[in-house]
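Descriptive analysis of the structure
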Amino acid sequence: MTSVAVLGGGIGGLTAAHELAQRGFDVTVYELRDAFGGKARSMPVPGSGTGKRDDLPAEHGFRFFPGFYRHIPDTMARIPYKNRTVADHLTASKRMLLAQANNGNELIGIAERPSSLDDVEVMIRFMWGVGVGLGIPPPEIAWFFDRLLTLLCSCDERRFGEWELVSWWDFMGAEQRSPAFQKFLADGMTRTLVAARAHEMSARTGGLILCQLMYDLVRGGGRMDQVLDGPTSEVWIDPWIAHLTGLGVKLRSGCQVAAIDCTSGRITHVIIGGAGGPERVVADHYVAALPVERLRTLVSPALCEAEPRLAALPQLVVRWMNGAMFYLYRDVPLVRGHAIFIDSQWALTAISQAQFWPGIDLSQRGDGSVQGILSVDISEWKRKGRHVKKTAMKCSPAEIQTEVWGELVDAIDDGSLDPANVHSFFLDPAIQPPNPTKAANLEPLLVNTKGSWADRPDAVTRIPNLFLAADFVRTYTDLATMEAANEAARRAVNGILDATGSTAPRCPIWTLREPGVLAPFRKLDQVRWRLGRPVTKPPIRVKPDGKPVHSGPLARGLLAVMRRMHTGRRK
């Protein structure tokens, strides 16, 4: 039986183990921590349980599953759990709250409309109303959609050769737009996309992912996003570990990868450190599912010589994005979904968990008095807070609690967030406070920056027995997410199947969804790109009154043809 050593037990590593074990490989996963799941795992609050109750549940950061995710839900649907599957523990959110410090809050609901060829126009009409409600000048909303349509009508060659090298801020011309435009459509949107910054994030990635999220709002039968109906490890990771064990996967915790030996262009062995001392691990193939900040410390000159693309790993940027939990005596639901504190100094997003956890009896956790959990992600650690006047990186846990709660109340000051209602506070233990020098984050997050695609390796390397399964690998998702890690692992497994000549079915890999109606315009732009001509003019433009109209006779004709083709396929 062909053996595979998987280095890292996060989402990428567990996905690789799952797919390989189902195809008859001998798999061992080596994980540094005592618990598997990586950044997706949940954890107990140590010592919080009294009277034989379980500890309170905590998260590295709350989990959410946008509607455009396809790889993660597919894996979850193949993990059995209590006569169902883990995928059955996903529940839809219904609203999104854009909260502002001046109380100009906007509640966004999901548009339940039939899916059709006119999804683009439906999206424009829906999001136009949102933009007007946020106080963005109508001509600037029209400009925003013109830029998005420009991206959607660009061929892949232009997206990678031009828009990948431009920041979202510059692509949107945000410097010349109003403060409201900058706040919501430029800076605010990207701050909520995995700790990204508008001045840094590539227009290609930022725009395409934003379009996916907007499609989720208007696609008939779709969901803006889903969340789990319980703590992540309890309803997902633990059942997954049990399933992998049943498939024969060997799972070893407390194992630190100390060295990866490369001789004559192949991996010969890996040194694993553990309680019993160094161990030499030999396998037929190796899957590195380690975070980029860890893998780049293991890249030797011999590895770089065999796979030169590994030399670019230090160019990739990581940043802090970590979770904090407020445990409440009385539950405060806030909104049936996520709350984005769009102008908060520390780029906060939050979700009130108890409303989504009907099967979790909080009275049997902690000391029995907690009824609500407000889970908050902190994405900006280098900006001074309004309340403590310090950056988050320089704050103690108590100061972080003060600032985060203060910023929440700045936007929601209706009395529902009463400090007397706070039972306790928990900060992600990956944050190590100053002692005695600066704070450290043991689990930072890769962030997208313009031009970074060139520095990212493929899952299949030039080293014939080394494969990569982590969120820094080139994927369609192209963001440091669970979805990207899962997709990368599938690509790595397919590489192993090819390398071994296996006849087992390949792992399915899905592209991002794009409106089929715009496909002819992407084809036209491919010709223009090769001729050195500017981007294709979008077939739809948005008038200052918000009405979508065709941009010319050619666009009108092509759109009509595509509609007839689509209608014919549906009959």
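Notes on the structure in this doc start here. These numbers come from a predicted model, not from an experiment.

1. Some details on the overall build of the chain
Across its full length, the chain holds 15 helices and 28 strands. For the chain, the C-alpha radius of gyration of 24 Å lies close to 25 Å, the compact-globule estimate for 571 residues. Principal axes of the C-alpha set define a box for the chain whose edges measure 70 × 60 × 50 Å. For the chain, the residues scored as buried account for 58% of the 571 residues in total. Long-range contacts, defined here as pairs at least 24 residues apart, represent 70% of the contacts in the chain between residues at least 6 apart. Split by element, the accessible area of the chain, about 22,400 Å² in all, is 53% carbon and sulfur. Of the charged side chains in the chain, 67 are positive and 60 negative, and the gap between their average positions amounts to 6 Å.

2. Focus on the environment of Arg41
Relative to the helices and strands, Arg41 is located in the loop between strand E2 (26-30) and strand E3 (42-44). With a relative accessible area of 9%, Arg41 lands in the buried category. Residues Arg41 and Gly10, 31 residues apart in the sequence, show an inter-C-alpha distance of 8.3 Å. Once residues within four sequence positions are removed from consideration, Arg41 is found in contact with Arg33, Ala35, Phe36, Glu59, His60, Thr232, Ser233 and Glu443.

3. Focus on the nonpolar core
In this structure, Phe144, Trp236 and Phe472 are the most contacted members of the largest nonpolar core, which totals 131 residues. Contacts of Trp236, omitting those with residues within four sequence positions, involve Ile11, Ala40, Phe65, Ile72, Met76, Ile79, Val86, Leu228 and Met482.

4. Describing the sheet that holds strand E5 (residues 65-66)
The strand order across the open sheet built from three strands is E5-E11-E8, with neighbouring strands paired in antiparallel fashion. Every interior strand has two partners, whereas the edge strands, E5 and strand E8 (90-92), have only one. Examined bridge by bridge, E5 and strand E11 (residues 225-228) share two bridges and lie antiparallel to one another. Opposite Phe65, over in E11, you have Gln226 as the bridge partner.

5. Structural notes on the sheet that holds strand E15 (residues 279-281)
A sheet is described by the order of its strands in space; here three strands give the open sequence E13-E14-E15, paired in antiparallel fashion. Only two strands of the sheet have a single neighbouring strand rather than two, namely strand E13 (256-263) and E15. This sheet shows a mean twist of 25 degrees between the axes of neighbouring strands, independent of strand direction. Where E13 and strand E14 (residues 266-273) come together, seven bridges link them in antiparallel fashion. Note on E14: the bridge partner recorded for Ala259 is Ile271.

6. A few points about the pattern of salt bridges
What the rule picks out here adds up to 29 salt bridges. Residue Glu19 pairs with Arg78 through a salt bridge whose shortest N-O separation is 2.5 Å. One end of the pair, Glu19, is in helix H1 (residues 11-22); the other, Arg78, is in the loop between helix H2 (71-76) and strand E6 (80-81), with 59 residues separating them in the sequence. According to the relative accessible area criterion, Glu19 is buried, its value standing at 2%. Arg33 is the salt-bridge partner of Glu31, the closest N and O atoms lying 2.9 Å from each other.

What counts, and where the lines are drawn
- Residues numbered from 1 in each chain as written.
- Predicted model: local features only at pLDDT ≥ 70, side-chain atom pairs only at ≥ 80, totals over all residues.
- Heavy atoms only, no water.
- Helix = DSSP H or I, 4+ residues; strand = E, 2+ residues; numbered from the N terminus.
- Rg over C-alpha atoms; globule rule 2.2 N^0.38 Å.
- Buried < 20%, exposed > 50% of the residue type's maximum accessible area, 1.4 Å probe, protein only.
- Contact = heavy atoms within 4.5 Å.
- Areas by Shrake-Rupley, 256 points an atom, 1.4 Å probe, with all protein chains shown as cover.
- Lys, Arg positive; Asp, Glu negative; His and termini not counted.
- Charge placed at Lys NZ, Arg CZ, Asp CG, Glu CD.
- Core = buried A, V, L, I, M, F, W, Y, C linked by side-chain atoms within 4.5 Å.
- Pairing = 2+ DSSP bridges.
- Axes fitted to C-alpha atoms, helices over the stretch in contact; angles between N-to-C directions.
- Salt bridge = Lys/Arg side-chain N within 4 Å of Asp/Glu carboxyl O.

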